[in-house]
Amino acid sequence: MSSSFRIFDIAGSALSAQSVRLNTVASNLANADSVTGDPNSVYKARLPVFKAAPVAGSKDAAGVQVLGVVENQSAAAKRFEPGNPVADADGYVYAPNVNVVEEMTNMISASRSYQNNVDIMNTAKDLAIKTLSLGS
Amino acid sequence: MAAINAGSDPIFGIHARALAVQAKRMEVLSANIANADTPGYEARDVDFAKILANAGSTGTTSGTSASSHSGPAASTTDPRHIPIIAGDVDATAGGALPYRVATQPSVDGNSVDVQVEQAKFADAAMHYQASLGFANGRIKELMSALSAQ
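Residues numbered from 1 in each chain as written. Chains lettered and ligands numbered in written order. Predicted model: local features only at pLDDT ≥ 70, side-chain atom pairs only at ≥ 80, totals over all residues.

**Student:** How should the overall build of chain A be read in this particular structure?
**Tutor:** Counting secondary structure elements, chain A contains 2 helices and 4 strands. Here the C-alpha atoms of chain A give a radius of gyration of 22 Å, more than 25% beyond the 14 Å that 2.2 N^0.38 yields for 136 residues. C-alpha extents for chain A along the principal axes are approximately 80 × 25 × 20 Å. Residue pairs at least 24 apart in sequence account for 63% of intrachain contacts in chain A once pairs closer than 6 positions are excluded. (Helix = DSSP H or I, 4+ residues; strand = E, 2+ residues; numbered from the N terminus. Rg over C-alpha atoms; globule rule 2.2 N^0.38 Å. Contact = placed C-beta atoms within 7 Å.)

Following this line, the structure appears as C-alpha cells:
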C-alpha cells in the first residue's frame, strides 16, 4: 500500500504549488493600483514557474515543484496624473503591468486544480482506510 | 510444493495483484492531475493488461526468493508456509510507462486533459474497491470456515 501514500506526496506537492500560484494572484491583484513616480521601482506582476519533479520512491510518477517566481518584464503603464502626490517631475505616474482579467482567470484555474487534488487525496484516503480495515 | 501461478495469490487470487496494479495506476494518474498546469508535462498511464500479462511470466513465488521491494524483504522458512508474492509492480510494468495520446494538445506542450484523467482515476479507484471487496469476502469466508460455524 506504499503507493497510495505516494499519492499524498504527489497531490500534496500540487496543492502547495497551486497555493503559491494563488498567493501570486493575490499579490498581483492587491498591488494592481500601486502607482509610483519611478518606472524602475513600480510593482511588476509575479508568476510562479512549475516543473514536474520526481517524488521519492517512484520513477514513473512526478509531483510538482515551484522552480521560482518570475516577474513580468513588460513595461509599466504610464499615466498623466499631475495631481497625484507621487507623480514625477513631468506629472506622470507608473501603474503595475498587472492584467486584472488574466489574474482572475489564473485564480479560477488555480482554485480548480487545487480542488481536483483535494479530491484525489480524499479518494486515496478513503481507499487506504478501507484497505487498512480489510477483513474486519 | 506445487507451483503456483506467479500472478495470483493462493488466498486472494488475482485480486492481490490487481490491487497493487490499480494502486500504481492511481499514483500515475494522480501525478498527471497534479501536473495539469506544468508546461511540457506529458500524461502517462499504466497498461493494465500488459502488467497482468507480465505478472504471469515474471515474479516467482518460491519460498525464500529475495524480494525486489525496497522495504524489508519477507521470506518463508517452511515449505508449508503460504508463499509471498515477490514480484514488484514496477518490475513487471514492462519498462517505461506509455504516454497518452493528447486529444487536445496545448501550446505549452502539456498533454494532460484533466477530465480524462479524473474519469480514469475514478475507474481505477472503483476497480481497486472491487478487488478490495473480493479480498474482504475471501477473508470472511476463511474466517467462517476457521470458526467452523
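**Student:** How do you make sense of the interface of chain B and chain A when you look at a structure like this?
**Tutor:** In many reports, interface size means the accessible area that the parts give up when they come together. Listed per partner, the contact involves 29 residues of chain B and 32 residues of chain A. Secondary structure elements with two or more residues in the side of chain B that touches chain A: α1 (14-34) and α4 (114-146) of chain B. In terms of residues, the side of chain B that touches chain A owes the most to one element, α4 of chain B, which gives 10 residues.

**Student:** Honestly, the nonpolar core in this entry has me stumped. Any pointers?
**Tutor:** Generally speaking, a soluble globular protein has its nonpolar side chains buried in company with each other. In this structure, Ile-10, Ala-11 and Ala-14 of chain A together with Met-26, Ala-34, Phe-121 and Tyr-128 of chain B are the most contacted members of the largest nonpolar core, which totals 36 residues. Element by element, the count of residues in this core is highest for α1 of chain B, at 11 residues. Contact partners of Ala-11 of chain A, with chain neighbours within four places excluded, come to Asn-117, Ile-120 and Met-121 of chain A together with Ser-30 and Ala-34 of chain B. Formed by 6 residues, the second largest nonpolar core is a distinct cluster that contains Val-42, Tyr-43, Val-93 and Tyr-94 of chain A. (Core = buried A, V, L, I, M, F, W, Y, C linked by C-beta atoms within 7 Å. Buried ≥ 20, exposed ≤ 12 C-beta atoms within 10 Å, placed from the backbone.)

**Student:** Hey, could you run me through the environment of Arg-138 of chain B in this one?
**Tutor:** Residue and element names in this part refer to chain B. Here Arg-138 shows up in helix α4. The spacing of Arg-138 and Ser-111 is 27 residues in sequence and 41 Å in space, taken between C-alpha atoms. Not counting chain neighbours up to four residues away, the residues in contact with Arg-138 comprise Ile-11 and Phe-12.

**Student:** Got a minute to help me understand the confidence of the model for chain A in this structure?
**Tutor:** Interpretation of this model should avoid reading the predicted coordinates in detail wherever pLDDT is low. Per-residue confidence for chain A gives a mean pLDDT of 91, with 97% of residues at or over 70. Within chain A, the element-level pLDDT minimum falls on helix α1 (residues 2-30) of chain A, averaging 90, and the maximum on helix α2 (residues 100-132) of chain A, averaging 95. (pLDDT = per-residue confidence, 0-100.)

**Student:** Looking at this structure, how should I read the packing of α2 of chain A against α1 of chain B?
**Tutor:** For any two helices packed against each other, one specifies the inter-axial angle together with the distance between the axes. For the pair α2 of chain A and α1 of chain B, the least separation of the axes is 10 Å and the interaxial angle reads 165°. Considering their axes alone, α2 of chain A and α1 of chain B lie roughly antiparallel with respect to each other. Considering only the axes of α2 of chain A and α1 of chain B, their crossing is left-handed. In this structure, α2 of chain A uses Asn-116, Asn-117, Ile-120 and Ala-124 of chain A to contact α1 of chain B, whose residues at the interface are Met-26, Ser-30, Ile-33 and Ala-34 of chain B. Within the contact of α2 of chain A with α1 of chain B, the residues separate by chemical class into 5 nonpolar, 3 polar and no charged. (Axes fitted to C-alpha atoms, helices over the stretch in contact; angles between N-to-C directions. Parallel < 35°, antiparallel > 145°, perpendicular 65-115°, else oblique. Left-handed = near helix turned anticlockwise from the far one by under 90°. Nonpolar A, V, L, I, M, F, W, Y, C, P; charged D, E, K, R; others polar.)

**Student:** Can you help me understand α4 of chain B in this one?
**Tutor:** Each turn of an α-helix holds 3.6 residues, which means side chains three or four residues apart point in the same direction. Compared with the 48 Å implied by 1.5 Å per residue over 33 residues, the 47 Å span of α4 of chain B between its first and last C-alpha is a close match. Those residues of α4 of chain B not exposed but buried are Glu-117, Lys-120, Phe-121, Ala-124, Ala-125, Tyr-128, Ser-131 and Ala-135 of chain B. The elements touched by buried residues of α4 of chain B are α2 of chain A together with α1 of chain B. Two residues or fewer past α4 of chain B, Ala-148 of chain B is found with a positive phi of approximately 50°. (Expected span 1.5 Å × (residues − 1).)

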